[in-house]
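Report on the structure
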Amino acid sequence: MRGGPAPVTLFTGLRARTLDPARPQATALAMAHGRVLAVGDDAALREAFPRHRRVDCGGWWALPALSDSHIHLLAYGLSLRRLDLRACRSLADTVAAVAAAARQTPPGVWVLGHGWDRNRWAEGRWPTRDDLDPVSEGHPVALTSKDGHLLWVNSAALAAAGIDARTPDPPGGEIVRDAAGRPTGLLKEEAKAPVARLIERPDPATAEAAVREAVRALHRFGVAAVHDMEGPEAFTVLQEGHAGGRLRLRVWMTIPLDRLEAALALGLRTGTGDAWLRVGGVKIFADGTLGSQTASMLEPFDNQPGNTGIAIHGREALRALVGRAVEGGWWPVVHAIGDRANRDVLDAFAAVRDLAEVRGVRCRIEHAQLLHPDDLPRLAALGVIASMQPIHAIADREIADRYWGRRSRWAYAWRSLLDAGTVLAFGSDAPVETPDPWEGLYAAVARRRPGEAPWYPEEAITPLEALRAYTVGAALAAGAERWAGRLAPGCLADFILTDRDVLGVPPEALRETRVLATVVGGEVVFAQGPLAGLEEAGAGLNPGAPAHVW
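For the structure given in this document, a descriptive report is provided here. (Residues numbered from 1 in each chain as written. Predicted model: local features only at pLDDT ≥ 70, side-chain atom pairs only at ≥ 80, totals over all residues. Heavy atoms only, no water.)

Focus on the overall build of the protein chain
So the rule is basically this: Runs of E in the DSSP output that reach at least two residues are strands. Runs of H or I that reach at least four are helices, and both are numbered from the N terminus. Atoms considered for the radius of gyration are the C-alpha atoms alone. The globule rule reads 2.2 Å times the number of residues to the power 0.38. Burial status follows relative accessibility: with a 1.4 Å probe on protein chains alone, a residue under 20% of its type maximum counts as buried, one over 50% as exposed, and anything between as partly exposed. The accessible surface values rely on the Shrake-Rupley method and a 1.4 Å probe; as for residues, cover is taken only from the protein chains in view. We treat Lys and Arg as the positive residues and Asp and Glu as the negative residues; His and chain ends play no part in the count. We put the charge of a Lys on NZ, of an Arg on CZ, of an Asp on CG and of a Glu on CD.
In terms of helices and strands, the protein chain carries 20 helices and 24 strands. Whereas a compact globule of 550 residues would reach a radius of gyration of roughly 24 Å, the protein chain reaches 24 Å, a difference of no more than 12%. Overall size of the protein chain, expressed as C-alpha extent along the three principal axes, is 80 × 55 × 55 Å. Within the protein chain, buried positions represent 58% of all 550 residues. Counting only carbon and sulfur atoms, one obtains 52% of the accessible surface of the protein chain, whose full area is about 20,900 Å². Charged side chains of the protein chain number 61 positive and 66 negative; the gap between the two group centres comes to 3 Å.

Shown next, in the form of structure tokens:
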């Protein structure tokens, strides 16, 4: 039927949780042109659409496909190819892993790694280039900390980046130095930039392969949409994939602050694009991180007198930057970890509230990890979306107690934020943490690792509330709530099959959830259960679909 209507695909044999209040449960979904046509029971939809392709889903549970509201897609793909140091529990183990990688790396090629965490090392001290130089065998070495806000490098890397004792600290960053003023090899925040420019621009083929690998991994987790917090390199790869019809991940792509003026000059604004690839907000940093003790704090970190972190952009700077973005129709997406940073961001959002309403702009805080109790109600009052990563709460609980002490009662305060009326949008911050949303759901509901006591359990939320943050809340945070996050007529045909009812199992079972299939735009992009085999070349479910998608 060339030129005629696309055949309807009828997915039957479901136990669907639609997250649509009008029809919360269903046993069948009718789809065409990448959208949901109808939701109901098998018999009624077969009668309503007599000319259909039927796909039997075997009685498994169905949910709207999940979104990751904060990920570094290209960086995650690249991390799958780099030395993973997250399992190292000592400095000695970390150095040994670098030594092994250096021996296997061609002469002169960078040794790149990620995930080291000084807070979990037996030695308890900060690393230096003197630890790396004896084992790097002439290779420049650059190792990103778990939180991504520190870079540990050797002498060859410092030389390649032109950093020496005479190099001044950049605004919003610090070159850590010894008593003689010599760089130790530890670069904080904006001081990472000279090395980052050398290592974070992979060639086009490498970048495309990394993104493709990342997308495939996300499909296996049941993720069909992401809010990507990166820059031009990732955007270029995604645009080329989209233009070639290969993109099967929906991406809301933020831009870095240093590209805002160019975007404004071109007349671009948040929302430009289509259902596959859209221009997102502008990413602004208010402070550093907990793990690096560079989060901007109202009071010093515990046992660190005088250290209140680093305000990458302080209160007045944030007001100016947020105002500039909102005036141009850009949604401000602001990283804030410490209670001072979150307060400064809220003050900036309050200053532009009326203008944001006129411009149709939504304001987001990324992470919102520690809030002063006086500031908790302000997010809902200002219409601010809290884009948070539940996995951080159980991964960082020890260092939060160590450096924030009793203030940790108001860390990762999902229950308090929801009760105040705040919209939550959940993600992973991968590659800082795993992009597995089932680990995130477990963290939000249990607030503990297996075998541990819950950490401030009064801030735990229900499975339904957590699931909504990965679906409905994520859609709202990207301005897509009319056509994403639910299974309802007119919404995108994005859903997953799981091996259990995630709204009816104990918390421990959430992290063991198996995704049996991921369907994006009506196309099966991953399957290991009843739909296995249908992911090849679209299996004819959507005539004209490309044979190789990612």
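After presenting the structure, the write-up continues.
Remarks on the packing of aromatic side chains
We apply this condition: Geometry of aromatic contacts follows a simple scheme: Phe, Tyr and Trp rings, the Trp one being its six-membered ring, pair when their centres are within 6.5 Å, and the pair is stacked under 30 degrees between planes, edge-to-face over 60, tilted otherwise.
Under the defined criterion, the tally for this structure stands at 10 aromatic pairs. Residues W121 and W152 carry aromatic rings whose centres are separated by 5.9 Å and whose planes lie at 65 degrees to one another, so their mutual orientation is edge-to-face. Here the residue W121 occupies a position in the loop between β10 (111-116) and α4 (129-132), and W152 occupies one in strand β12 (residues 150-153), the gap between them amounting to 31 residues. Its relative accessible area of 5% is what places W121 among the buried residues. For W152, a relative accessible area of 0% corresponds to the buried category.

So, helix α15 (residues 397-404)
Spelled out, the test is: Comment: arc refers to directions from the helix axis out to C-beta atoms. The contact rule is simple, with two residues in contact once any of their heavy atoms fall within 4.5 Å.
For α15, the full list of buried residues reads R397, I399, A400, Y403 and W404. All buried residues of α15 fall inside an arc of 160 degrees around its axis, so they share one side. Close packing links the buried residues of α15 with α14 (391-395).

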